[in-house]
Amino acid sequence: MSNDPQTKDNKKLKAKRYEKELRRLQGELCNLQAWVKHKGLRVIIVFEGRDAAGKGGTIRALTERVSPRVFRTIALPAPSDREKSQMYLQRYMQHFPAAGEVVIFDRSWYNRAGVEYVMGFCTKEQHARFLELCPEMERYIVDGGIQLIKIWLESSDKEQKRRFEARMDDPLRQWKLSPMDLPSRSKWFEYSHARDLMLEATDTKWAPWHILRSDDKKRARLNCLAHILNLIPYKKVPREKVKLPKRSMKGAYDDQASLKGRKFVPEKY
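All of the points below concern the structure found in this document. (Residues numbered from 1 in each chain as written. Predicted model: local features only at pLDDT ≥ 70, side-chain atom pairs only at ≥ 80, totals over all residues. Heavy atoms only, no water.)

Our next topic: the overall build of the chain. Secondary structure summary: the chain contains 10 helices and 5 strands in total. For the C-alpha atoms alone, the extent of the chain along its principal axes is close to 75 × 50 × 45 Å. Residues counted as buried form 39% of the 269 residues belonging to the chain. For the chain, the exposed area adds up to about 18,100 Å²; of that, 53% sits on carbon and sulfur atoms. Seen as two clouds, the 55 positive and the 35 negative side-chain charges of the chain have centres 8 Å apart. (Helix = DSSP H or I, 4+ residues; strand = E, 2+ residues; numbered from the N terminus. Buried < 20%, exposed > 50% of the residue type's maximum accessible area, 1.4 Å probe, protein only. Areas by Shrake-Rupley, 256 points an atom, 1.4 Å probe, with all protein chains shown as cover. Lys, Arg positive; Asp, Glu negative; His and termini not counted. Charge placed at Lys NZ, Arg CZ, Asp CG, Glu CD.)

This part is about the pattern of salt bridges. Inspection of every chain in the model, using the stated rule, returns 16 salt bridges. The residue Glu21 makes a salt bridge to Arg24 at a minimum N-O spacing of 2.6 Å. With Glu21 and Arg24 both in helix 1 (residues 15-39) and 3 residues apart, the pair spans about one turn of that helix. The class of Arg24 is partly exposed, set by a relative accessible area of 46%. Three or more residues joined by partner-sharing salt bridges are found here, namely Glu48, Asp51 and Arg107. (Salt bridge = Lys/Arg side-chain N within 4 Å of Asp/Glu carboxyl O.)

All right, on to helix 7 (residues 157-169) then. With 13 residues, helix 7 should cover 18 Å at 1.5 Å per step; its first-to-last C-alpha distance of 19 Å lies within 8% of that length. Buried within helix 7 are the following residues: Glu159, Gln160, Arg163, Phe164, Ala166 and Arg167. End-on view of helix 7: buried residues confined to an arc of 160°, all on one side of the axis. In helix 7, the exposed positions that point more than 90 degrees away from the buried face belong to Lys158 and Asp169. (Expected span 1.5 Å × (residues − 1). Arc of directions from axis to C-beta.)

The subject of this paragraph is the state of the cysteines. Counting across every chain of the model gives 0 disulfides. Of the cysteine sulfurs around Cys134, a residue in no disulfide, the closest is that of Cys122, at 13 Å. For Cys134, a relative accessible area of 2% corresponds to the buried category. (Disulfide = S-S within 2.5 Å.)

Counted by the stated rule, this structure contains 11 aromatic pairs. With a centroid separation of 5.9 Å and 80° between ring planes, the pair formed by Tyr88 and Phe130 is classed as edge-to-face. In this pair, Tyr88 sits in the loop between helix 3 (81-84) and helix 4 (90-93) while Phe130 sits in helix 6 (residues 124-143), placing the two residues 42 residues apart along the sequence. Judged by relative accessible area, Tyr88 falls into the partly exposed class, the value being 21%. Given the relative accessible area of 9%, Phe130 is considered buried. Members of the aromatic cluster, each reached through a chain of ring pairs, are Tyr88, Tyr92, Phe96, Phe105, Trp109, Tyr110, Phe130, Trp152 and Trp209. A cation sits over an aromatic face here: Arg50 above Trp188, 3.6 Å from the ring centre. In this structure, Arg139 is placed above the aromatic ring of Trp206, and the distance from its NZ or CZ to the ring centre is 3.7 Å. (Phe/Tyr/Trp six-rings, centres within 6.5 Å; stacked < 30°, edge-to-face > 60°. Lys NZ or Arg CZ within 6 Å of the ring centre and 35° of its normal.)

Printed below as a string of structure tokens:
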């Protein structure tokens, strides 16, 4: 396995090839889903990265063809006053998977290693304590039978700038600009340093980080889905052939005539 996927050729991926490969991978994710349910597996996938690194689109590609009852996405808001008084990991642990579930964290407890540290929402002591305890906490998770997959999306300075500018100019994307986005742009190297500290402390044998280059969104999504499928061994679960039952005519009547006089949605299209 290559340590630096940046050596890949930079030719633009054609939309037709992307859609074909995405559909194939999503079909395999459906097979994985059946295996997870069949075997009662518990999986956590953590997505982290800089603002505008492409986490949302990658998670959508991962989840759009599978059941939300199996693949659950957790994107927690800023902690409430009550949550701030709890043990730091407490509000995340309540969302951990039961048997037959894959829980996806769109940002996670690693907020403390990133935005909280850089933006001054936690003390230096709290940050250092987190980096010290996090590997042992994750060892506890893994020893408890949960497979923990951590993915860091790495985008370049140039691409982040382009994506922020696109959000500012497009009314359909402006909602993506959070109060943290623009300050994070000015703190590029602070975030780089925070990333390096995080990787140094928490890239362990039992819970390693997988770095996904994400300047090319389409390639990043395909690479991510293929990598996750490779990390979770699975087999195709045999399924009984589905047979559609015939409609019973018992109690038959004109069930469209009974709708006359009701309010319908105007058919403008």
